[in-house]
Amino acid sequence: MRYIDFRSDTVTIPTEEMRKAMAEAVVGDDVYGDDPTVIELETLAADLMGKEAAMFVPSGTMGNQLAIMTHTRRGDEIIVEESCHIVEHEVGAVAVLSGVNLRTVKGINSILQPKDVEAAIREEDIHHPETTLICMENALSNGRVVPLENMQQIYHIAKKHNIAVHLDGARIFNAAAYLNVEAKDIAAYTDTVMFCLSKGLCAPIGSMVAGSKSFISKAKKNRKLIGGGMRQSGILAAAGLIALKDMTKRLHIDHENAKYLADKLSELPGVKVDKDSIHINMVFFTIDNLKMSDAEFIDKLYEKGIKANGAYRGVLRFVTNNDVARKDIDYAMDCINVLL
Ligand SMILES: *Cc1c(COP(=O)(O)O)cnc(C)c1O
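Residues numbered from 1 in each chain as written. Predicted model: local features only at pLDDT ≥ 70, side-chain atom pairs only at ≥ 80, totals over all residues. Heavy atoms only, no water.

Caption draft 1: Expanded view of the overall build of the chain. Of regular secondary structure, the chain possesses 14 helices and twelve strands. Compactness check: the chain gives a C-alpha radius of gyration of 21 Å against a globular reference of 20 Å for 340 residues, within 12% of the reference. Each principal axis of the C-alpha distribution contributes one length, and for the chain these read about 60 × 50 × 35 Å. Taking as baseline every contact in the chain between residues at least 6 positions apart, the subset at least 24 positions apart corresponds to 76%. (Helix = DSSP H or I, 4+ residues; strand = E, 2+ residues; numbered from the N terminus. Rg over C-alpha atoms; globule rule 2.2 N^0.38 Å. Contact = heavy atoms within 4.5 Å.)

So this is what it looks like as structure tokens:
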């Protein structure tokens, strides 16, 4: 049975072109640095981010963690928004791997405010840890995109205080599509950036970290340290190249489909859609007076061939992606309507 999968954009399966490119990829041994397909991917990734170099890693979490590990020393403090992926979804890895202190700041709609970031930077004092890194996120996990001016202001504050800036840009190409800019225009306000190939871009595995040449060579050593050195990874990089060359160009379709989904959902009785938050491919909504529990609702959808995650704090999230077409959305709306 084919399922329509609204759980995330991580569920996208590799395209036919990707599978073919993977089968035919020329490979070497990337720990020796001679896998030509990995080199091509890293060169392209660096170029797209406007950075000197890039590194291929198996996951976004590993990419963020290696960036933090490479930017900091144990006991340093890093400034993050309190609901960001590094805080919420990376298993507390910063404590285990880098031994840094997290200084969480509450943003507006999870967007860090420059004045609050500046206030959180530590002054030199015998009692204080040293602030050495600020991490931003764009696009945000709440579906919103951070305006460039906001990033620019925070970057300037960081530079004034001689602090590095890392961007968790897991969905940087979604942010770029929304802002109608190139990814490098966003990455310009960062020292390093991580982005994922395995979300809406359909690659099966992989993320990239981009930064200066010296940063990436240090980060590669740290990657080896945590067991992330890979061998014939050109097999995976071949899919990543298609993700970057072709799949970035179609993200606007997912964004348009998210708006279409939101319009359809809001016509249903009791359904309230948070339309202001729809910048990319995520639609957040609640259902009033649902006749069944959230869990039963999700089960009933599953029986109809629709996969969705359960509500988080009462809010449901549907994510559009390459494997969800408009007719799938129409079908899902009919199914939901019957359950209300
Ligand atoms: C998905 C995601 C990551 C990385 O996740 P992995 O599952 O480890 O690849 C990092 N940051 C954000 C904001 C994400 O959405």
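Caption draft 2: Region of interest: the pattern of salt bridges. On inspection of all chains with the given rule, the structure shows 18 salt bridges. A salt bridge links Asp29 to Arg231; its shortest N-O distance comes to 3.2 Å. With Asp29 in the loop between helix 1 (16–24) and helix 2 (36–49) and Arg231 in the loop between helix 10 (213–225) and helix 11 (234–245), this pair connects stretches of sequence that are 202 residues apart. Residue classification places Arg231 among the partly exposed residues on the basis of a relative accessible area of 40%. Between Asp116 and Lys115 there is a salt bridge, with its nearest N and O atoms 3.4 Å apart. (Salt bridge = Lys/Arg side-chain N within 4 Å of Asp/Glu carboxyl O. Buried < 20%, exposed > 50% of the residue type's maximum accessible area, 1.4 Å probe, protein only.)

Caption draft 3: The arrangement of the packing of helix 1 against helix 11 in detail. Closest axis-to-axis distance for the helix 1/helix 11 pair is 8 Å, and the angle between their directions is 145°. In this structure, the crossing between helix 1 and helix 11 has a hand that is right-handed. Of the residues in helix 11, those in contact with Glu17, Met18, Ala21 and Met22 of helix 1 are Ile235, Leu236, Ala238, Ala239, Ile242 and Ala243. Among the residues forming the contact of helix 1 with helix 11, the class breakdown is nine nonpolar, no polar and one charged. (Axes fitted to C-alpha atoms, helices over the stretch in contact; angles between N-to-C directions. Left-handed = near helix turned anticlockwise from the far one by under 90°. Nonpolar A, V, L, I, M, F, W, Y, C, P; charged D, E, K, R; others polar.)

Caption draft 4: Broad picture of the sheet that holds strand 12 (residues 316–319). The strand order across the open sheet formed by three strands is 9-10-12, and the pairing between neighbours is antiparallel. Across the chains shown, the open sheet's two edge strands, defined by having one partner strand only, are strand 9 (271–273) and strand 12. Each neighbouring strand pair of the sheet contributes to a mean axis angle of 35°, computed without reference to strand direction. Two elements, strand 9 and strand 10 (residues 282–287), share three bridges in a ladder whose sense is antiparallel. Paired with Val271 across the strands is Ile287, a residue of strand 10. (Pairing = 2+ DSSP bridges.)

Caption draft 5: Representation of the site of the ligand. Around the ligand lies a shell of 13 residues, among which Gly60, Thr61, Asp168, Arg171 and Lys199 are the nearest. Here Gly60 contributes a backbone N or O atom positioned 2.8 Å from an oxygen atom of the ligand. Here an oxygen atom of the ligand sits 3.1 Å away from a polar atom, N or O, in the side chain of Arg171. If you tally residues by element for the shell around the ligand, the top one is helix 3 (residues 60–71), at three residues. Grouping the constituent residues of the shell around the ligand by class yields two nonpolar, six polar and five charged. (Near = heavy atom within 4 Å. Polar contact = N/O pair within 3.5 Å; in protein donor to acceptor, adjacent residues only side chain to side chain.)

Caption draft 6: Focus on the packing of aromatic side chains. One pass over the full model with this rule turns up five aromatic pairs. When the ring of Tyr3 is compared with that of Tyr302, the centres are 4.9 Å apart and the planes differ by 20°; the resulting orientation is stacked. Of this pair, Tyr3 sits in the segment before strand 1 (4–5) while Tyr302 sits in helix 13 (residues 294–303); the two residues are 299 residues apart in sequence, bridging distant segments of the chain. Taking 4.6 Å as the distance between ring centres and 10° as the angle between the ring planes, the aromatic pair formed by Phe6 and Phe318 counts as stacked. Here Phe318 lies in strand 12 and Phe6 lies in the loop between strand 1 and helix 1, a separation of 312 residues in the sequence. Each member of the pair, Phe6 together with Phe318, is buried. Taken together, the ring pairs in this structure connect Phe6, Phe285 and Phe318 into an aromatic cluster. Of note, Lys307 hangs over the ring of Tyr3, and the distance from its end group to the ring centre comes to 4.8 Å. In this structure, Arg326 packs its charged tip against the face of Tyr260, placed 4.3 Å from the ring centre. (Phe/Tyr/Trp six-rings, centres within 6.5 Å; stacked < 30°, edge-to-face > 60°. Lys NZ or Arg CZ within 6 Å of the ring centre and 35° of its normal.)

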